[in-house]
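# Geometric and topological summary
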Number of protein chains: 2
Amino acid sequence: MTTVSIIGKGTMGNAIAKVVADGGNTAELLGREDAGKPLAGDVVVLAVPYPAVADVIAAHREHLAGKVVVDITNPLNFETFDSLTVPADSSAAAQIAAELPDARVLKAFNTTFGATLAAGTVGPLTTAVLIAGDDEDAKATLAGVVEAGGLRTVDAGSLRRARELEALGFLQITLAAREQVSWTGGFGVVA
Amino acid sequence: MTTVSIIGKGTMGNAIAKVVADGGNTAELLGREDAGKPLAGDVVVLAVPYPAVADVIAAHREHLAGKVVVDITNPLNFETFDSLTVPADSSAAAQIAAELPDARVLKAFNTTFGATLAAGTVGPLTTAVLIAGDDEDAKATLAGVVEAGGLRTVDAGSLRRARELEALGFLQITLAAREQVSWTGGFGVVA
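The name given to chain A in an unreviewed UniProt entry is Dinucleotide-binding protein, with the source organism recorded as Actinotalea fermentans.

### Here's the deal with unusual backbone geometry
All names here are of chain A. Its identity is not glycine, yet F81 carries a phi of approximately 50°, on the positive side. Locating F81 in the fold gives a position in the loop between β4 (68-71) and α3 (92-99). Given a relative accessible area of 30%, F81 falls into the partly exposed group.

### Focus: the interface of chain B and chain A
Counting from both sides, the interface comprises 38 residues of chain B and, opposite them, 38 residues of chain A. Taking both partners together, chain B and chain A bury about 3000 Å²; carbon and sulfur atoms supply 61% of that area. Between chain B and chain A we count six salt bridges in total. The interface formed by chain B and chain A holds 13 residue pairs in polar contact (both at pLDDT 80 or more) in total. Looking at the side of chain B that touches chain A, the elements that each hand over two or more residues are β9 (152-157), α6 (162-177) and β10 (186-190) of chain B. The element contributing the most residues to the side of chain B that touches chain A is α6 of chain B, with nine residues. When the residues that make up the side of chain B that touches chain A are grouped by side-chain class, the tally is 19 nonpolar, 10 polar and nine charged. Sheet topology places strand β10 (residues 186-190) of chain A next to β10 of chain B; five bridges connect them, and they run antiparallel.

### What about the sheet that holds β4 of chain A?
All names here are of chain A. Strand order in the open sheet formed by seven strands is β2-β1-β3-β4-β5-β8-β9, with mixed pairing between adjacent strands. Strands at the two margins of the open sheet, each flanked by one partner only, are β2 (26-30) and β9 (152-157). Averaged over all adjacent pairs, the angle separating strand axes in this sheet is 25°, with direction ignored. Pairing analysis gives five bridges linking strand β8 (residues 128-133) to β9, with the strands arranged parallel. Among the inter-strand pairings, I131 is bridged to a residue of β9, identified as D155.

### Let's talk about the packing of helix α6 (residues 162-177) of chain A against α6 of chain B
Between α6 of chain A and α6 of chain B, the least distance of the axes is 8 Å, while the angle of their chain directions is 130°. Considering their axes alone, α6 of chain A and α6 of chain B lie oblique with respect to each other. Between α6 of chain A and α6 of chain B lies a crossing whose hand is left-handed. Residues E164, L165, A167, L168, F170 and L171 of chain A of α6 of chain A pack against E164, L165, A167, L168, F170 and L171 of chain B of α6 of chain B. Counted by class, the contact of α6 of chain A with α6 of chain B contains 10 nonpolar, no polar and two charged residues.

### Here we look at helix α5 (residues 136-148) of chain B
Residue and element names in this part refer to chain B. The terminal C-alpha atoms of α5 lie 18 Å apart, and with 13 residues this matches the ideal 18 Å at 1.5 Å per residue to within 8%. Of the residues making up α5, those classed as buried are A138, K139, L142, A143, V145 and V146. When α5 is viewed along its axis, its buried side chains cluster within an angular range of 160° and face the same direction. For α5, the exposed residues set more than 90 degrees away from the buried face come down to E136 and D137. Capping the start of α5 is the job of one residue whose side-chain oxygen sits 3.0 Å from the backbone nitrogen of D137: D135. At the C-terminal side of α5, G150 shows a positive phi close to 95°.

### Some remarks on the nonpolar core
Taken as a class, soluble globular proteins show a tendency for nonpolar side chains to be buried jointly. Grouped together as the largest cluster of nonpolar side chains are 80 residues, with contacts concentrated most on L130 and F187 of chain A together with L130 and F187 of chain B. Setting aside chain neighbours within four positions, we find L130 of chain B in contact with L171, L175 and F187 of chain A together with K107, A108, F109, T111, V154, A156, L165 and V189 of chain B.

### Things to note about the confidence of the model for chain A
Of the residues in chain A, 100% have a pLDDT of 70 or more, and the chain-wide mean is 97. Our summary of model confidence lists the complex with pTM equal to 0.98 and ipTM equal to 0.97.

The rules behind the values
Residues numbered from 1 in each chain as written. Chains lettered and ligands numbered in written order. Predicted model: local features only at pLDDT ≥ 70, side-chain atom pairs only at ≥ 80, totals over all residues. Heavy atoms only, no water. Helix = DSSP H or I, 4+ residues; strand = E, 2+ residues; numbered from the N terminus. Buried < 20%, exposed > 50% of the residue type's maximum accessible area, 1.4 Å probe, protein only. Contact = heavy atoms within 4.5 Å. Buried area = accessible area lost by both parts, 1.4 Å probe. Salt bridge = Lys/Arg side-chain N within 4 Å of Asp/Glu carboxyl O. Polar contact = N/O pair within 3.5 Å; in protein donor to acceptor, adjacent residues only side chain to side chain. Nonpolar A, V, L, I, M, F, W, Y, C, P; charged D, E, K, R; others polar. Pairing = 2+ DSSP bridges. Axes fitted to C-alpha atoms, helices over the stretch in contact; angles between N-to-C directions. Parallel < 35°, antiparallel > 145°, perpendicular 65-115°, else oblique. Left-handed = near helix turned anticlockwise from the far one by under 90°. Expected span 1.5 Å × (residues − 1). Arc of directions from axis to C-beta. Core = buried A, V, L, I, M, F, W, Y, C linked by side-chain atoms within 4.5 Å. pLDDT = per-residue confidence, 0-100.

See the structure below:
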């Protein structure tokens, strides 16, 4: 039984909480009002937009040491929709990992729209959550929670692959914004 | 009726030739022995590995002006399998476009394995070819050829999106190399 603390009560936070609960694990959903509160979970999902991550880290830093911290962000420039806001040779996940040297940072959930997480399917395929990170135990813990919730997982490799996951998330959002795919569709993974 | 000249007789070149022919269009397949030969196609596919592109351009430069030139490459560092060989803020397609200012350069076919191009399906989905480029007419011409061949196309936006398509192609190759997906699977697109 794993407890997952999810910081952020938006579409993604709620969808991830549903996956956790569907698998018989425990989701703790926290909002801004919970700043500084101890976190019940060994896994902590930062389910907020990238510009809000710094504040969340500041509010919870002392409780994040030793935890599996999951970055789900797509750091788009929402003014231009034409680039990411992190350096081209880095990633949001790498920047968060640098901020939290005592945490085990994973990238996950940024390539699945909230609707496909909640539904468990993307078209005819089971929704697949791609997970990147440098700590194999942390990846296995998160994968266990996601698979218990009825989804597939794909081990995307080391945290360096977060850059490609963020490119994929960025591309997918631009495709939806340009109506090339719907917000209930997007990329699926065929084994 | 569109004629497509495909430079490169490997797996990808042959799979793309099949798609062209399946759609009732004409494929001209060329190899190294055809250096300097005039190209019959208005569309020219550079179906060679990225390190061979410079030689192909040198061999055919005078015949590429005005053509729709399609870059299909994934410029991986095949020694480390951990990065691309183009600058992080650029793409192979951008570099080829800079080399060929009189051509209309598109990025396409780099996110579909040869097997899924040849089969027309990836799992339960019709194979989708993502096409990025700055010339709408060029994109429409290539999309027409691909769709006539029974595949889907997705307009991935401007040639700047080649960077994300190359990240996606890179990620997909690493997933196959690490046996997270098979070489007959990979990413599919759900509308």
